[in-house]
Every structure is written in structure tokens, then in C-alpha cells.
Amino acid sequence: MVGMRGAYGGGGGYSNGNESQPLGGAAGAAGPMTTETSTEIVGMEVHKVAPPPPRSTLSKMKARVKETFFPDDPFRGFKGQPLGTQWLMAVKYLFPILDWVPGYSFSLFKSDLIAGLTIASLAIPQGISYAKLASLPPIIGLYSSFVPPMVYAVLGSSRDLAVGPVSIASLVMGSMLRDAVSPSGEPLLFLQLAFTSTFFAGLVQASLGILRLGFIIDFLSKATLVGFMAGAAIIVSLQQLKALLGIVHFTTQMGIVPVMASVFHHTKEWSWQTILMGVCFLVFLLAARHVSLRWPKLFWVSACAPLASVIISTLLVFLFKAQNHGISIIGQLKCGLNRPSWDKLLFDSTYLGLTMKTGLITGILSLTEGIAVGRTFASLKDYQVDGNKEMMAIGLMNVVGSCTSCYVTTGAFSRSAVNHNAGCKTAMSNVVMALTVMVTLLFLMPLFVYTPNVVLGAIIIAAVIGLIDLPAVYQIWKMDKMDFLVCVCAFAGVIFISVQEGLAIAVGLSVFRVLMQITRPKMMIQGKIKGTDIYRDLYQYKEAQRVPGILILAIEAPINFANSNYLNERIKRWIEEENSMQNKQTELHFVILDLSARSSESNRRGHGENTASE
């Protein structure tokens, strides 16, 4: 048996015969290896590979922990600096606002002012709409668009992220809390549970950042999120049929079957006036969205359409007294800024498990959306966003928000896209938006008395339709059928069971897929591309040809205890199949394993601890 590495990227061999030999040491050779050198044979040449310098167990563990939890090495700039400079750098690290405020100029402010006013026109109607989606008073949605953006402007590192309530977190929080408490029957208790869930969501998010555990959110794969958001978008849209049709008695369940059953069981409650108004404004909002997608320079059309819909519909209801003709309105909203709510945080053992679970799920979902949006727009402007700092910023933002009458907030994609297209330069655009919302809370709340609920439902539908990403689904189908299955299961779980169960199914399938990739790694037969020294997969490269008498197998995963038995059995079967083939021109003499996917740490272990498992 011969281990060949230079030509094939590293590997080991099996001798030809009826009895296969177990996979040898980390270098891949079956023969004995000394502690000083390992001999590897490539063709007729002999190469000696020097062993790596010895390291203590403590230094190995230290390096491993550093690479796992601190891959970006955030404190590398502190080395060699005076103590005073280190303190200043630490303060700037915790408060990124200190980095850009000293160089802030009036020209930057003009850009941020326009962007802030633009996203405020979107944030105000969305804040009211999403609060109703979470079964919370509309004023809570506006509160959540005032304090959290101010906190994020101080702690956040993204220039483009526009902070506020989002549809997915609102939907999940509302559906989970409604299972235990009726928002209409016990409104104060429901509000307490929402604030407490937001507190736990902030704790989870900040803890992930402080403990450098952000990699946990990577278990929400692209396929999981695409399927989940598409299903959630449909459920959210169907829930708005209550407002669009004028139904009074509507189910609180989230599945598609009970929702549609409720719609057709209450046809006597349908209001043609409500339906007419809802369809007209929904068409208007979708047309505005289409215009902005078709001509990106007209982004302001889609951004201003929700506020324009609120203003026009409110005027229509006021002028024609439509509330007396079956059109439901928001009603009186009190003026004033956020009221302290730390006394409303409820840690009673009866509801502690519910609020912790709700906080965990909504916290992870909102954090995933916020980090993804921040990184997306940072890449467009070629600057870096520190994921762990963002987690701390979003987490502390929600902890503060839970004490100031706010519910879960994060960076919303729609608002951030408007913020980016409007030409924002710094996080000051969030401050401008928050101040605009503050003026609304102080002086303009009486203007929303006649705002019809049907228009808020239309705004929600127009916003969540963008979550259905059919091109992404098609791309997932083309690239990986298992990922497509995860996507479909997430979608089906959300629309047929419930939002949280659908998410749990999708995450479970994603984790199961990761385990399958570890325990059942992909193996392939490699051949030599004619006229080169390159070896590639025979099934992917038609020009690749088998080397007579040699079977080259590539293992696309590190070898460990979880897959060693599978690999051993699979290689034995490949050898048996080769030996049993009829009409062979050349007898099989060697099996070469390409182990280039193995980690360098495993390669250093030699015949020691890994011999048995490999």
C-alpha cells in the first residue's frame, strides 16, 4: 500500500487483495511512520516532509478557542499601544458613534436628513401596522420606532440599517403569546408578556454577541429562511383578510385551513365598502412597489406610498363618515412619548417559560434578519460590519426597548433598502427618523383617529409580498435537492401547522442534514485529465480518464469517529465492485485516497490517537 500526496492532494492507500487494510495514520500511508519524518512517494520521487514544531496541549486549546470564538481577532490593534490609547480604543469599540461623529459634516447631515425623513414616512404606517400584526396597541409600534433607533445609532456599526418593528418577529410574537393569553380579553397581561419577551430576546441577542456565539444563527440556512419567510408571508397576508373583508369574528389560529374556514364561515360579515377600499389601496401599493423595482431611481415612490395611503384613506373616511358605513377605524390614540415599562416586566413562574421561549425564537429570527441586512448593504458600500458588535447593539437596543414600552425590533430590509437608496451616509439617518416619529407622537396622533384598519392590512400585504422569493427557490432547486426539501418543509410547516412548528421543523431538518454530511461524507472516483497532472471527478469531467490499475477516491470531509465505519465499509465495497467487474483490461493494484479535505491538525496526529477511529 502506498500513500501518495503530491500528485493527489494527500492520501492513503489500501493494498489490493481480498482483505482490505484499515485506513492508516493521518498522513495516509499504511506503512510505519517515524516521529521525525514521513515518507511520501510520488511516482519515482521521494519527498521528506518535516514534522511541525511541537506544541503543548494548552497552546493548542488556546489557538483552537481563539479561532472558534475570535476569528476576527478584534483586539489585534491594541497590541503595543499605550494604556491611555487602549482605553480610548476600547470606548470606541463599544460605542462606534465616536468613530464617525468627530468627522461629521453638514454635507453628510444633508444626505442623512433626506434619508431619515424618507424612512420615517415608511416607518410610521409600518409601525402601526406591525403592532396590530402582533396584537399590540398601534401606539406600541410607534414607540418601537423611536427609542430603539436612537440606541442603535450609538451602538451599531452599520451605516445603512434602519431599525424598527418587522413583520416576521411581530407575527411570531403575536401567534405564540395568543396561544396562552387573549389580547382582547386580558390586554394588560398580553402587553406585559410582550415586553417581557422583548427583554429576553434582547438578553439572548446581547449574550450571543458578548460570548462570541454568533455562529449559532448560521443553523438558519438560506433554504430554511427562504421557505419560512415565504410561508410566513402567505400566513400574514391571509390574516389580513379580516381587515380587507371587514370580518369581525375571525379565528386566532395561524394555519391556512382554519383561516380560510373562518373567511368562508363568516361571509355575512363581509363589507363591500371595506373590500372596495382595500382592493384599491392594495393595487396602489403594489403598483408603487413595481415602479420602484422597475426603475430603482424612483425608490421614493414605494417608500412614500404607505404614508400617502394612510393620509388619503384617513381623509376619505373623515369626509364621507365611512366609519358609519362598515369601515373599521383605529380610533383615539394618546399623544406623548414612550412610557416607562420596566414595572410591567413579568417574571411570574406561570408565564416565565412562555416569555423565555418567545424571546428566544423572536430574538434569533430578528437577529438573523438584522445581521443579514447589515452585511448585505455593507458589501455594497465596501465597508465592514462586525457581526458580534451588531448582536450586542441589537440586543441592548431591545433590552432598553422592553423598559420603554417597545417590542422586538431589528434592522428591516424594506426600510434599510429605502435608507440606502435615499443616500444615507451614517447612522444619523436613524436619529432623524426617530425624531420625526417623536414629533408624530407628540403632536400628530389625533390625525390617525380616522385611519381605516383595511389600509393597514393592505400595507402589511404589500410589505410581506417581497418575502416570497421565487427566484431563490428555483436556484435552491437547481443547486441542491436536499436544501429544496428543507425549504419546502419549512414552507409547508408554517402554512399548514403553525409558524413556530414550521420553523422548528426547518431547523431540525437543517441540523439533520449537517449531521448526514458529517456521518455520510461524499466520495467520488477521480481520473486524470488528459495532457495535465490534474485529477478530477469522473462524473463531472468527461475528459477525465481512469488511471489503469489504480482506483483514486476523494473524500470530501474530514475523517472522524462518526464516519470512520461508513468510510471503511464504502471503500471495501468499491474495491469488491472493482474486482468483480468483467472484461477488465487491467487488474486493480492500488487504491489511493485523496484526503485533502482533512484538517492539518488531524494530519499532525500520525499513528497516535486517530489510528483506531480512522
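Residues numbered from 1 in each chain as written. Predicted model: local features only at pLDDT ≥ 70, side-chain atom pairs only at ≥ 80, totals over all residues. Heavy atoms only, no water.

## Some words on the packing of aromatic side chains
The tally for this structure, following the rule as stated, stands at eight aromatic pairs. Ring centres of F199 and F347 lie 5.8 Å apart, and the angle between their planes is 75°; on these two criteria the pair is classed as edge-to-face. With F199 in helix α8 (residues 187-210) and F347 in the loop between α13 (299-320) and α14 (349-381), this residue pair connects regions lying 148 residues apart in the sequence. Take F347: its relative accessible area is 43%, and that puts it in the partly exposed class. An aromatic cluster of three or more residues is present, and its members are F199, F200 and F347. Sitting over the face of the ring of F318, K321 holds its NZ or CZ atom 5.1 Å from the ring centroid. One cation-aromatic arrangement involves R570 over W574; the distance from NZ or CZ to the ring centre is 3.9 Å. (Phe/Tyr/Trp six-rings, centres within 6.5 Å; stacked < 30°, edge-to-face > 60°. Helix = DSSP H or I, 4+ residues; strand = E, 2+ residues; numbered from the N terminus. Buried < 20%, exposed > 50% of the residue type's maximum accessible area, 1.4 Å probe, protein only. Lys NZ or Arg CZ within 6 Å of the ring centre and 35° of its normal.)

## Overview of the nonpolar core
Counting 106 residues, the largest nonpolar core has L136, I140, L171, V172, F228 and L441 as the members making the most contacts within it. Take this core: its biggest share by element is ten residues, from α8. Not counting the four nearest positions on each side in its chain, L136 is found in contact with A131, F190, L191, A194 and Y407. In terms of nonpolar packing, the next biggest core, distinct from the first, is built from 17 residues, L551, L567, I571 and W574 among them. (Core = buried A, V, L, I, M, F, W, Y, C linked by side-chain atoms within 4.5 Å. Contact = heavy atoms within 4.5 Å.)

## Some thoughts on the environment of C487
Tracing the chain through its elements places C487 in helix α20 (residues 481-496). In sequence terms C487 and G231 are 256 residues apart; their C-alpha atoms lie 9.8 Å from each other. Not counting chain neighbours up to four residues away, the residues in contact with C487 comprise A223, V226, G227 and V473.

## Notes on the confidence of the model for the chain
Counting all residues, the mean pLDDT for the chain is 82, and 87% of those residues have values of 70 or more. Note that residues 1-42 has pLDDT below 50 and, in this model, 109 contacts with residues that lie over four places away or in other chains. Below a pLDDT of 50 lies the segment residues 600-614, which in the model reaches 31 contacts outside its immediate sequence neighbourhood of four places, other chains included. (pLDDT = per-residue confidence, 0-100.)

## Digging into helix α11 (residues 256-265)
Those residues of α11 that fall on the buried side of the exposure criterion are V259, S262 and V263. An end-on view of α11 places all buried positions within 100° of arc, on one side of the element. Exposed side chains of α11 directed beyond 90 degrees from the buried face belong to V257, F264 and H265. Looking at the buried positions of α11, the neighbouring elements they touch are α9 (222-239) and α10 (241-245). (Arc of directions from axis to C-beta.)

## Some remarks on α14
Given a rise of 1.5 Å per residue, 33 residues ought to cover 48 Å, and the 47 Å separating the end C-alpha atoms of α14 matches this to within 8%. Two residues or fewer past α14, D382 is found with a positive phi of approximately 60°. (Expected span 1.5 Å × (residues − 1).)

## A look at the pairing of strand β10 (residues 590-594)
Counting buried positions along β10 gives four out of five residues, so the element sits mostly inside the fold. In terms of strand pairing, strand β9 (residues 550-555) meets β10 through five bridges, oriented parallel. In the strand pairing of β10, I550 is matched with F590. (Pairing = 2+ DSSP bridges.)

## Overview of the environment of P296
Inspection of the secondary structure assignment puts P296 in the loop between α12 (272-294) and α13. Between the alpha carbons of P296 and N421 there is a distance of 8.1 Å; along the sequence they are 125 residues apart.

## Quick notes on the side chain of Q239
Residue placement: Q239 occurs in helix α9. Residue classification places Q239 among the buried positions, given a relative accessible area of 14%.

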